[in-house]
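Coordinate analysis (summary)
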Amino acid sequence: MKPNNGEEISDYLSRYLEVCAEVEGCDERTTATSFKIGLYDGCKLKESLTLYEPNTIATLQDRVRRYAKVNVTKDERTASQRKEERESQNGRFGQDGIRVSGRAEHNRSGRSSDNSVEFNMPIHKNFYEVRDQPFLVRPPKMLGNPNRRDKKRYCAFHRDVGHTTEECNNLLEHLEELARQGKLVKYLKNIGTENNKSRDSAMKSGGTWSL
């Protein structure tokens, strides 16, 4: 018998011992020394059990426990390192691999985190308004394996899956930059507010206001 795909070594040992208990004439030493046969070649535990064969089931169980503990610790350390690398990478680059700043944090109302630019509609609606304009620059496909992303979440800006258009940090940053260049004036909330103030002021002073 062999371990099932993805089966923990401790679970495989329990299953192995149950099977051996049903085999007539299978003594303790045979049970302990034969366990390694089912392990895949290159397995560190198999190499260890081959070099130093256990004579009892208790010794085998202890060896398997120690191997599992070391292996789990190693996996946790690797996972932690990968997480740190991803966080570091995400801190320097956006969803499409383009360098971005922390200002890309935003809510879904179309407002940026530092309130320097405030749109009068959510960014995904803003995008659909200007997507055919020549000043809108589309990013390349996102980095990484697309099979590991949520295919139900589609970003029209990237033309790729993994997050929605509404959640796209790169889109927000690009729209903010276009707004600062004066290309999205009619989509800015504060512009409408300033126009209303100017109109009210003109009317109070007896002046005229033209649209």
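The rules we used
- Residues numbered from 1 in each chain as written.
- Predicted model: local features only at pLDDT ≥ 70, side-chain atom pairs only at ≥ 80, totals over all residues.
- Heavy atoms only, no water.
- Helix = DSSP H or I, 4+ residues; strand = E, 2+ residues; numbered from the N terminus.
- Buried < 20%, exposed > 50% of the residue type's maximum accessible area, 1.4 Å probe, protein only.
- Contact = heavy atoms within 4.5 Å.
- Areas by Shrake-Rupley, 256 points an atom, 1.4 Å probe, with all protein chains shown as cover.
- Phe/Tyr/Trp six-rings, centres within 6.5 Å; stacked < 30°, edge-to-face > 60°.
- Core = buried A, V, L, I, M, F, W, Y, C linked by side-chain atoms within 4.5 Å.
- Axes fitted to C-alpha atoms, helices over the stretch in contact; angles between N-to-C directions.
- Parallel < 35°, antiparallel > 145°, perpendicular 65-115°, else oblique.
- Left-handed = near helix turned anticlockwise from the far one by under 90°.
- Nonpolar A, V, L, I, M, F, W, Y, C, P; charged D, E, K, R; others polar.
- Salt bridge = Lys/Arg side-chain N within 4 Å of Asp/Glu carboxyl O.
- pLDDT = per-residue confidence, 0-100.
- Polar contact = N/O pair within 3.5 Å; in protein donor to acceptor, adjacent residues only side chain to side chain.

1. A short note on the overall build of the protein chain
- Along the backbone of the protein chain there are seven helices and two strands.
- When its helices and strands are written in sequence order, the protein chain yields α-α-α-α-α-β-β-α-α.
- Per-residue burial for the protein chain yields a buried fraction of 30% across its 211 residues.
- Taking contacts inside the protein chain between residues at least 6 apart in sequence as the whole, the part at least 24 apart equals 47%.
- In the form shown here, the protein chain has an accessible surface area of approximately 14100 Å², with 48% of it arising from carbon and sulfur atoms.

2. Quick notes on the packing of aromatic side chains
- Summed over the entire model, instances satisfying the criterion amount to five aromatic pairs.
- With a centroid separation of 5.1 Å and an interplanar angle of 75°, the aromatic rings of Tyr16 and Phe35 are classed as edge-to-face. Highlighted residues: Tyr16 in helix 1 (residues 9–22) and Phe35 in the loop between helix 2 (28–34) and helix 3 (44–51), separated in sequence by 19 residues.
- The class of Tyr16 is buried, set by a relative accessible area of 6%.
- Ring centres of Phe127 and Tyr128 lie 5.3 Å apart, and the angle between their planes is 65°; this geometry places the pair in the edge-to-face category.
- Looking at Phe127, the relative accessible area reads 1%, which means it is buried.
- Ring pairing ties together the aromatic residues Tyr12, Tyr16 and Phe35, which thus form one cluster.

3. Some details on the nonpolar core
- Membership of the largest hydrophobic core comes to 19 residues, with the highest contact counts inside it found for Phe119, Leu136, Phe157, Leu171, Leu175 and Leu184.
- Secondary-structure elements contributing two or more residues to this core are helix 5 (123–130) and helix 6 (169–180).
- Broken down by element, this core gets its largest block of residues, five residues, from helix 6.
- When near neighbours in sequence (up to four residues on either side) are disregarded, Leu184 contacts Phe119, Val130, Phe135, Leu175, Leu178 and Ala179.
- With 15 residues, the next largest nonpolar core counts Tyr16, Ala32, Leu39 and Val64 among its residues.

4. Some remarks on the packing of helix 5 against helix 6
- Interhelical geometry of helix 5 versus helix 6 gives an angle of 60° and a closest axis separation of 10 Å. Relative to helix 6, the element helix 5 is oriented oblique. For the pair helix 5 and helix 6, the crossing hand works out as left-handed. The residues of helix 6 that touch helix 5, namely those facing Ile123, Asn126, Phe127 and Val130, are Leu171, Leu172 and Leu175.
- Looking at the contact of helix 5 with helix 6 residue by residue, the class counts come to six nonpolar, one polar and no charged.

5. Some thoughts on the side chain of Asn126
- Mapping Asn126 onto the fold places it in helix 5.
- In this view, Asn126 contacts Phe119, Met121, Leu175 and Tyr187; residues no more than four positions away in its chain are not counted.

6. Re the pattern of salt bridges
- All chains considered together, the criterion is met by seven salt bridges.
- Salt-bridge contacts for Lys36 lead to Glu53; the nearest nitrogen and oxygen are separated by 3.0 Å. Residue Lys36 is located in the loop between helix 2 and helix 3, and its partner Glu53 is located in the loop between helix 3 and helix 4 (57–92); the two are separated by 17 residues in the primary sequence.
- Judged by its relative accessible area of 13%, Lys36 is buried.

7. Here's the deal with the confidence of the model for the protein chain
- In the predicted model, the protein chain carries a mean pLDDT of 75, and 68% of its residues have values of at least 70.
- Ranking the elements of the protein chain by mean pLDDT puts helix 7 (residues 189–204) last, at 51, and helix 5 first, at 90.
- Between residues 192–196, whose pLDDT stays under 50, and residues either more than four places distant or in other chains, the model counts one contact.

8. Here's the deal with the side chain of Thr31
- Inspection of the secondary structure assignment puts Thr31 in helix 2.
- Within the structure, Thr31 has its side chain in polar contact with the backbone oxygen of Asp27 (distance 2.9 Å).
- Those residues within four positions of Thr31 in sequence are excluded, and the remaining contacts are Tyr16, Leu17, Cys20, Cys26, Ile57 and Leu60.

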